[in-house]
Amino acid sequence: MSEAAPQNGLNEVYNRRILELAGDIPCIGVLEDADASASAISKLCGSKVTVHVKMADGRVSDFAHQVHACALGQASSSVMARNVVGADKAELEQVRDQMRAMLKEEGPAPGGKWADLEVLLPARDFKNRHQSIMLTFDAVLDAIGQVEGRTAA
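Each value, and the rule that gives it
Residues numbered from 1 in each chain as written. Predicted model: local features only at pLDDT ≥ 70, side-chain atom pairs only at ≥ 80, totals over all residues. Heavy atoms only, no water. Helix = DSSP H or I, 4+ residues; strand = E, 2+ residues; numbered from the N terminus. Rg over C-alpha atoms; globule rule 2.2 N^0.38 Å. Buried < 20%, exposed > 50% of the residue type's maximum accessible area, 1.4 Å probe, protein only. Contact = heavy atoms within 4.5 Å. Pairing = 2+ DSSP bridges. Axes fitted to C-alpha atoms, helices over the stretch in contact; angles between N-to-C directions.

**Notes on the overall build of the protein**
- Per the secondary structure count, the protein includes 5 helices and 3 strands.
- Helices and strands in the protein line up, N terminus first, as α-α-β-β-β-α-α-α.
- For 153 residues, the compact-globule formula gives about 15 Å, and the C-alpha radius of gyration of the protein, at 15 Å, lands near that figure.
- Considering only C-alpha atoms, the protein reaches an extent of 50 × 25 × 25 Å along its principal axes.
- Counting over 153 residues, the protein shows a buried share of 46%.
- Contacts in the protein between residues at least 24 apart in sequence constitute 63% of all its contacts with a sequence separation of at least 6.

**Re the environment of Asp142**
- The topology assignment puts Asp142 in helix α5 (residues 130-152).
- For the pair formed by Asp142 and Phe126, sequence separation is 16 residues and the distance between their alpha carbons is 25 Å.
- Non-local contacts of Asp142, meaning those with residues more than four positions away in its chain, are made with Ala38 and Ser39.

**Some details on the sheet that holds strand β2 (residues 48-56)**
- Ordered in space as β1-β2-β3, the 3 strands form an open sheet in which the pairing is antiparallel. Each having just a single partner strand, β1 (36-41) and β3 (59-68) make up the two edges of the open sheet. The sheet shows a mean angle of 20° between the axes of neighbouring strands, taken without regard to direction.
- Of the pairings in the sheet, the one linking β1 to β2 comprises 6 bridges and is antiparallel in character. Bridging across to β2, Ser39 finds its partner in Thr50.
- Lying on the sheet, helix α3 (residues 71-83) is in contact with β2 and β3; it crosses β3 at an angle near 160°.
- Contacts from α5 reach β1, β2 and β3 within the one sheet, and its direction differs from that of β1 by about 150°.

Laid out in structure tokens, this is it:
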């Protein structure tokens, strides 16, 4: 399937579960006392995700975000918000890498508490949507890196 895929291919991408996740994004807003904030922007479509994290003992202890993205980016951010608290950098890097492999290399979807990300599998064939899906991972890992950088200094 290519970008010129028939309309039913797009219908498969924007399935009911993706629309449910996109329509019910938890943790919307700003953490005024965040340890770090970071934004990621898709140059392709203009989608933007800004995240705010608090860290304790190397794990995300609180989270908020602002999401201005397509339904795929919103769904990805929704899954992130439901699962990020309690995660450490290594777990988030692993999930990011699994998502990238799922989208670009026909790898399997993440499992465990991140299994809802499998709903984004139909987007594999729409390369111009991949960056929007990955924004939340890029922003969260950037924010965690900022906190680690200050801690190491």
